[in-house]
Amino acid sequence: MALTREKTEHICERARRALAQIDRDVKPVFIIYRSGEFETALNNAKQKWERSRAGKILLKFLSEMQEPSGPQFSGIVYYNPRNLIPFLRQEQILAPVFVNIDNFIDPAEAQHQVYHSFWHILNLLNDFRLARKTPETQDYTQKKFILKPQYLKFKETRHNLIADIFGAFMTEFEQKSNFIEKLALIRAERTIQKTPGFLLEKYPYPLVAEASRLVFDDLKSAFEDINQLFPVAFKMASEVASTYGDEVIQQWRDFCLPAQEMAWLDYAPETILGNAVFTAEDPYVRTSAYLICELLEHTAEPAANRNLYNPYATGEKNRSLHFRACEEAFHRILSRAASMSDPSAFIEEVRRQNKQLAQGNPTGWCAYAIMESGNVFEKCLQTELTIEDVSDAFQKALPRVNWEDILKVSRTIITMHREKKDFRFK
């Protein structure tokens, strides 16, 4: 059962009061909605915000966004029009916070997402103020009163990590529900699931959950002081994350990206984790896989079918598997076409392979070589060309499309699916 709107609004209001104790200038704008009703929620917001200049800027900013699929932070409105009389300046800071009620059952999860967003809001605002409100730095950009974060290399991932820790600390204190551990489980589950729009490689919290628990327990007395909770959690989240270098973020990415690739190819969880544990060459990737197994209470087992594409395996192994699949596909189609004296089997195979590649599966894609050999087969029915000529045409065309290029295409397609972008062969 999903949360009710009333319960969600209560969670947001409680978080709003906590934020006001730290920075009264920031006005969080909660966009609360159900799946598929994002546009309706934005239209409802117009009634409240279209009467002020800052509100109109906010509404235009929101109109450019798509429905989020997870904790999304796009920026804030910092409205500070110039005025000849300084004390009459109307500085307003409006920060959108998105909450999809249908994404949560446990109120603690919704509460964590709100605090996760709060961390991003305050961090961007602090960067802006420390930079003396210049229009652009390496940390952010400002255009027409809109402040947007600017991310280089692993910066977005590191920010998400700190925001996750901060949100976990705040939620753990307020809910008393072991949320520090529960968040690690939530993120771990996503590594082997398809979640359009949620790029799990940018959320490495499972790697720091144990350290977060130790810090929280050590500072429990400080966290129990309601007046110190927010600033202590904000500071300690950064300190916990600072003990983990970029190599840890890279380690998480090296585990997550192949795992997500396999998840989007509909591999079973045990196959994904088994491949990571038993075939990944990087020991840190295997360590991450063991951690996910432990969190999910999965037993890592070798894959039952070793003839499937495995993103954790060496490139040469997958290349050999690919070409073997191509040969098998060609001989199967050739046999069928020859028995029926009908070249349409080649066209059907091309369409089948293109459909398979459009879903992100690269192994065995040889549509170009199949098409070339199909053209020769059609001539074979009308001339003195032989089946050997058809095979020669296939063998000559096959290496013209590199396995590495096919793999790049398939990964690009999977990335598009993950980012909720449609892909179709015309």
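Below you will find a few notes about this structure. (Residues numbered from 1 in each chain as written. Predicted model: local features only at pLDDT ≥ 70, side-chain atom pairs only at ≥ 80, totals over all residues. Heavy atoms only, no water.)

Turning to the overall build of the chain, a few remarks are in order. A count of helical and extended segments in the chain gives 17 helices and five strands. Out of the 426 residues in the chain, the part that is buried amounts to 49%. The contacts in the chain between residues at least 6 apart in sequence include a share of 70% that link residues at least 24 apart. Summed over its atoms, the accessible surface of the chain is roughly 21600 Å², and 49% of this surface lies on carbon and sulfur atoms. (Helix = DSSP H or I, 4+ residues; strand = E, 2+ residues; numbered from the N terminus. Buried < 20%, exposed > 50% of the residue type's maximum accessible area, 1.4 Å probe, protein only. Contact = heavy atoms within 4.5 Å. Areas by Shrake-Rupley, 256 points an atom, 1.4 Å probe, with all protein chains shown as cover.)

The interhelical angle for the contact between helix α10 (residues 246-264) and helix α12 (residues 283-296), taken along N-to-C directions, is 70 degrees, at an axis separation of 9 Å. Here α10 is positioned roughly perpendicular relative to α12, judged by the angle of their axes. Of the two possible hands of crossing, α10 and α12 adopt the one that is right-handed. In this structure, α10 uses Gln-251, Trp-252, Asp-254 and Phe-255 to contact α12, whose residues at the interface are Tyr-284, Val-285, Thr-287, Ser-288, Ala-289 and Ile-292. Of the residues belonging to the contact of α10 with α12, the class tally is six nonpolar, three polar and one charged. (Axes fitted to C-alpha atoms, helices over the stretch in contact; angles between N-to-C directions. Parallel < 35°, antiparallel > 145°, perpendicular 65-115°, else oblique. Left-handed = near helix turned anticlockwise from the far one by under 90°. Nonpolar A, V, L, I, M, F, W, Y, C, P; charged D, E, K, R; others polar.)

Structurally, Glu-270 can be placed in helix α11 (residues 269-279). Spatially, the C-alpha atoms of Glu-270 and Lys-143 are 47 Å apart, while their sequence positions differ by 127 residues.

Core analysis: the biggest nonpolar cluster contains 117 residues, and Phe-118, Phe-169, Phe-230 and Phe-255 have the highest contact counts within it. Counting residues per element, this core draws most heavily on helix α4 (residues 107-130), at 11 residues. Beyond its immediate sequence surroundings of up to four residues, Phe-230 is in contact with Ala-18, Leu-19, Ile-22, Tyr-115, Phe-118, Leu-122, Phe-166 and Met-170. Counting residues in hydrophobic clusters, the runner-up holds 20 residues, among them Phe-38, Leu-62, Met-65 and Ile-146. (Core = buried A, V, L, I, M, F, W, Y, C linked by side-chain atoms within 4.5 Å.)

We now examine the pattern of salt bridges. Close approach of charged atoms allows side chains of opposite charge to pair. For the structure shown, the criterion picks out 25 salt bridges. The shortest N-O distance in the salt bridge between Lys-182 and Asp-106 comes to 2.5 Å. With a gap of 76 residues between them, Lys-182 in helix α6 (residues 179-190) and Asp-106 in the loop between β3 (92-100) and α4 connect regions that are remote in the sequence. The salt bridge partner of Asp-266 is Lys-194, with a shortest N-O separation of 3.0 Å. With Asp-266 in the loop between α10 and α11 and Lys-194 in the loop between α6 and α7 (209-218), the pair connects residues that are 72 residues apart, well separated along the chain. Take Asp-266: its relative accessible area is 56%, and that puts it in the exposed class. Take Lys-194: its relative accessible area is 41%, and that puts it in the partly exposed class. Connected through salt bridges with shared partners, the residues Glu-172, Glu-181, Arg-213 and Asp-217 form a single ionic network. (Salt bridge = Lys/Arg side-chain N within 4 Å of Asp/Glu carboxyl O.)

The next point concerns the environment of Arg-352. Of note, Arg-352 is situated in helix α14 (residues 344-358). Looking at Arg-352, the relative accessible area reads 37%, which means it is partly exposed. Counting along the chain gives 55 residues from Arg-352 to Glu-297, while the straight-line C-alpha distance between them is 37 Å.

Regarding helix α16 (residues 387-397), the residues found buried are Val-390, Ala-393, Phe-394 and Ala-397. With its buried residues spanning 95 degrees around the axis, α16 presents them on a single face. Of the exposed residues in α16, the ones pointing more than 90 degrees away from its buried face are Glu-388 and Lys-396. Residues of α16 that are buried make contact with α13 (315-340), α14 and α15 (367-380). (Arc of directions from axis to C-beta.)

Taking strand neighbours across the sheet as the criterion, the five strands line up as β1-β3-β2-β5-β4 in an open arrangement whose pairing is mixed. Where the open sheet ends on each side, the last strands, each with one partner, are β1 (26-33) and β4 (140-143). Shown here is a sheet whose adjacent strand axes are inclined to one another by a mean of 25 degrees, direction ignored. Where helix α2 (residues 38-49) meets the sheet, its contacts fall on β1 and β3, and the angle it forms with β1 comes to roughly 140 degrees. Along the sheet, α4 contacts β1, β2 (76-79), β3, β4 and β5 (146-149); its crossing angle with β3, the most-contacted strand, is approximately 155 degrees. (Pairing = 2+ DSSP bridges.)

Trans peptide bonds make up the majority, and among non-glycine residues the majority have a negative phi. Positioned with a positive phi, Lys-153 is a non-glycine residue whose angle comes to about 50 degrees. Note that Lys-153 resides in the loop between β5 and α5 (155-175). Of note, Lys-420 is a non-glycine position whose phi angle comes to about 65 degrees, a positive value.

Moving on, we get to the pairing of β3. In terms of burial, β3 is largely enclosed, as eight of its nine residues are buried. Here eight bridges tie β1 to β3, and the two strands are oriented parallel to one another. In the strand pairing of β3, Phe-30 is matched with Val-97. Judged from the three bridges that link them, β2 and β3 form a sheet pairing that is antiparallel. Following the sheet pairing, Tyr-79 is matched in β3 by Gln-92.

Just geometry here; none of it tells us what the structure is for.
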